[in-house]
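Geometric and topological summary
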Amino acid sequence: MLYCGLVYIGLTGGIGSGKSTAAKIFMDLGAVVIDADEQARAALGSNSPLLPQIELAFGPGLVVSGELDRQALAAKVFSDDELRVKLESLVHPEVARRVSAIRSSLSDDAVVIYDVPLLVEKRLESQFDAVIVVHSPLELRLERLESRGVSRDDATARMGHQASDVERAALATYEINNDGDLEDLRLQCETVWNAITA
Ligand code: ATP
């Protein structure tokens with residue numbers, strides 16, 4: 001056994017690389033998948049303990065009947081880096097608390113895969129037993145995103161703020177090249193899964 005006790009794996013890749021699709025495959029193989037974006041949304045969900053702090057920090061009127069006005073908050077932080085950092089500093093500990101609670105509820109033999117798009121940008125690799133990076137050629141990513149309704153310009157702008165493939169590869173324990181069909185992706189995920197659980 002390569003890993004001992006609960007195994008905690010980070011899964012990352014650029015926008016449109018196929019992280020969520022790979023995460024679903026790992027879930028089918030038996031992993032407990034945690035989605036960082038979903039946790040961040042839940043951290044700001046109905047009656048979250050964070051909401052009073054958000055109002056305090058960003059002004060009154062943002063929470064109505066226990067619900068955050070996400071659009072109003074997004075408009076406030078959109079073009080203000082300082083406010084964005086402030087929001088992250090509130091959301092991050094709440095996400096960490098939620099993830100820690102999920103992990104504590106699991107048995108020792110669980111394999112947890114944490115889908116975290118900005119793992120490399122935020123240098124989170126030391127939190128994990130291993131890191132899986134999903135790569136996909138730029139043109140394929142643009143096409144896949146386009147078919148999901150994201151324009152090329154939007155996608156390219158977002159990619160410009162993300163790490164490069166070389167930076168991601170440097171932190172990878174396992175690499176998946178998602179340049180084929182879904183069956184090919186599934187086979188690569190199986191190979192990684194077998195290596196993790198061997
Ligand atoms: P984001 O960064 O936007 O969250 P992501 O990295 O999680 O994206 P996915 O949502 O998994 O990427 O994939 C992007 C799109 O490409 C989806 O519509 C998905 O169904 C499709 N896709 C991913 N991999 C493949 C593949 N190997 N063959 C065909 N379609 C694929």
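Nothing here was measured: the structure is a model prediction, and the numbers come from that model.

1. Side note on the packing of aromatic side chains
Applying the stated criterion to the full structure yields four aromatic pairs. Pairing Tyr-8 with Phe-128 gives two aromatic rings, centres 4.8 Å apart and planes at 40 degrees, and the pair type is tilted. Here the residue Tyr-8 occupies a position in strand E1 (residues 7–13), and Phe-128 occupies one in the loop between strand E5 (111–115) and strand E6 (130–135), the gap between them amounting to 120 residues. Of the two residues, Tyr-8 and Phe-128, neither departs from the other in class, the shared state being buried. Aromatic pair Phe-26 and Trp-193: ring centres 6.5 Å apart, planes at 45 degrees, arrangement tilted.

2. What about the site of the ligand?
Around the ligand lies a shell of 14 residues, among which Lys-19, Ser-20, Thr-21, Arg-148 and Asn-178 are the nearest. Between an oxygen atom of the ligand and a side-chain N or O atom of Ser-20, the distance comes to 2.5 Å. In this structure, Thr-21 approaches the ligand through a side-chain N or O atom, which is 2.5 Å from an oxygen atom. Here the ligand has 630 Å² of accessible area as a free molecule, and 76% of this is covered by the chains. Examining the composition of the shell around the ligand, we find that three residues originate from one element, helix H1 (residues 19–29), more than from any other. Broken down by class, the residue content of the shell around the ligand amounts to two nonpolar, eight polar and four charged.

3. Quick word on the sheet that holds E5
Taken in spatial order, the five strands of this open sheet run E2-E5-E1-E6-E7, and their pairing is parallel. Each edge of the open sheet is held by one strand with a lone partner, namely strand E2 (32–35) and strand E7 (174–177). Direction aside, neighbouring strands of the sheet carry axes that sit 20 degrees apart on average. Of the pairings in the sheet, the one linking E1 to E5 comprises five bridges and is parallel in character. Residue pairing for E5: Tyr-8 is matched across the bridge by Val-112. Contacts between helix H2 (residues 36–43) and the sheet are confined to E2 and E5, with E2 contributing the most and set at about 60 degrees to the helix.

Basis of the calculations
Residues numbered from 1 in each chain as written. Predicted model: local features only at pLDDT ≥ 70, side-chain atom pairs only at ≥ 80, totals over all residues. Heavy atoms only, no water. Phe/Tyr/Trp six-rings, centres within 6.5 Å; stacked < 30°, edge-to-face > 60°. Helix = DSSP H or I, 4+ residues; strand = E, 2+ residues; numbered from the N terminus. Buried < 20%, exposed > 50% of the residue type's maximum accessible area, 1.4 Å probe, protein only. Near = heavy atom within 4 Å. Polar contact = N/O pair within 3.5 Å; in protein donor to acceptor, adjacent residues only side chain to side chain. Areas by Shrake-Rupley, 256 points an atom, 1.4 Å probe, with all protein chains shown as cover. Nonpolar A, V, L, I, M, F, W, Y, C, P; charged D, E, K, R; others polar. Pairing = 2+ DSSP bridges. Axes fitted to C-alpha atoms, helices over the stretch in contact; angles between N-to-C directions. Contact = heavy atoms within 4.5 Å.

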